[in-house]
Every structure is written in C-alpha cells, then in structure tokens.
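The lines below spell out each chain.
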Amino acid sequence: MELRTRVSDGDRDMVVQRLQQAFADGRLGSAEMEERLERALTATSHGDLAAVTADLPELPDETVELSSTGGRIRRAGDWQVPRRLRIESEYGQVRLDLSRAVIAHAEIEIGLRLDYGSATIVLPRGATANTDGVRTDWGRVTCEAPGRPRPGAPHVLVTGTLPYGRLRIRVSRRWLSR
C-alpha cells in the first residue's frame, strides 16, 4: 500500500481497534493511548497510520465458519459478531439478527454459499450493507438497507454465491434498538 495514499474513516477505525486492543492487553498506558488515538483520528495518509501502530502486533484474523447441509443456522440476541463470517448451507435456512448483537468492528464481511437455501440478515438501525459481491443464477437478492457506509455505523459487506438461494437484508424494526 502506498504510504502517501489518503485514508478513509474505515482505515482509521481499524487502527483505533488495534489501539484499543493494545491498551486492553496492557501494551499501552492511558497517556500513550490518548496520544496515539489523537494521531490516528487526525491521520490523512496510510503513512500516518502506520507510524501510530508500527510497534504493535497485528490483530488476529477473526474468521468464523458455520456450515449445514439441511438444518438451520441462526444467531440472534446478544452475540459477538466476528470480523469475518463464512456460511455454507446446501438446503437449510440462515438467519443472522445483528440488531442486538455486539458489533466491535466498523466493517463486517459475510461470505455466503447457499445452494438452495435462503438467508435473512437483520441489521441494527443506522447500519449499511453492500451486496455487490453476491452472485446468483436463479436465486434472488433483496437489500433494503442503505448501501454506502456511514461514519460511526456498522457496514456489512456480503459476498458469495446463491445459485438457487435467496438473500434478504433488512434493517431492524425494533423501536428500542441500540
């Protein structure tokens, strides 16, 4: 990556997550944490961000894989959403309700492989989703959420194949959503 390239809000968010983890691990004191957060949030280039985290370890690759042949895959309520979620289902149904989940990442990647099954993803209010990476033959993709990321709101990037499957993404209808 070119160090002079301008950064996005998502790039800054990832660095802030690394700093928060380093602080939680005891690698940074509170004064140093505050100073690095200030530098990360005002960074304009990838070089600025690299300098803030140069002496910190990378965050582990957080990918969770779920699979089913004919059963259901469901997540709802108070659950921890991983950075990357890979789901495979031949005939089953998938329902991911993120409306009350703990979402620690600015961007979440969900990879689907649904041969004949269907998936419903419920987003918290304010969240956005992009389904441009989903390929379908005879299936259907319906996304009722805004597509462009918004600062401070979770963004869900959905990719995968649904030869005969269906995908629906909607925003929570709960009045008391977080």
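Scroll up to find the structure this text is about.
Note that the coordinates shown come from a computational prediction; the quantities given were computed from them, not determined experimentally.

**Details of the nonpolar core**
Judged by nonpolar contacts, the single largest core of 26 residues is most densely connected at Leu 96, Leu 98, Ile 110, Ile 121, Leu 123, Val 158 and Leu 167. Those elements that provide at least two residues to this core are β4 (84-89), β5 (93-97), β7 (107-114), β8 (118-123), β9 (128-136), β11 (155-162) and β12 (166-171). Here this core takes 4 residues from β7, the largest share from any one element. Contact partners of Ile 121, with chain neighbours within four places excluded, come to Leu 96, Leu 98, Ile 110, Val 158, Leu 167, Arg 168, Ile 169 and Arg 170. One finds Val 7, Val 15, Val 16 and Leu 37 within the second-largest nonpolar core, a separate group that totals 13 residues.

**Concerning the environment of Asp 11**
Note on placement: Asp 11 falls in helix α1 (residues 9-24). Measuring from C-alpha to C-alpha, the distance between Asp 11 and Pro 149 comes to 12 Å, with 138 residues separating the pair along the chain. Dropping the residues within four chain positions of it, Asp 11 is found in contact with His 46 and Leu 49.

**Thoughts on the environment of Val 15**
With respect to the helices, strands and loops of the structure, Val 15 is situated in helix α1. The exposure class of Val 15 is buried, given its relative accessible area of 9%. Residues Val 15 and Gly 111 lie 96 residues apart in sequence; the distance between their C-alpha atoms is 23 Å. Discounting chain neighbours no more than four positions away, the residues touching Val 15 are Ala 40, Leu 49, Val 52 and Thr 53.

**Topic: the sheet that holds strand β2 (residues 72-75)**
Spatially, 5 strands are ordered β2-β5-β8-β12-β10 in an open sheet, and the strand pairing comes out parallel. If you trace the sheet from one side to the other, it starts and ends with β2 and β10 (140-143), each paired once. Strand-to-strand twist in this sheet, taken as the mean axis angle between neighbours without regard to direction, amounts to 5 degrees. In this structure, β2 lies alongside β5, joined through 4 bridges in parallel fashion. In the strand pairing of β5, Arg 75 is matched with Leu 96.

Definitions and cut-offs
Residues numbered from 1 in each chain as written. Predicted model: local features only at pLDDT ≥ 70, side-chain atom pairs only at ≥ 80, totals over all residues. Heavy atoms only, no water. Core = buried A, V, L, I, M, F, W, Y, C linked by side-chain atoms within 4.5 Å. Buried < 20%, exposed > 50% of the residue type's maximum accessible area, 1.4 Å probe, protein only. Helix = DSSP H or I, 4+ residues; strand = E, 2+ residues; numbered from the N terminus. Contact = heavy atoms within 4.5 Å. Pairing = 2+ DSSP bridges. Axes fitted to C-alpha atoms, helices over the stretch in contact; angles between N-to-C directions.

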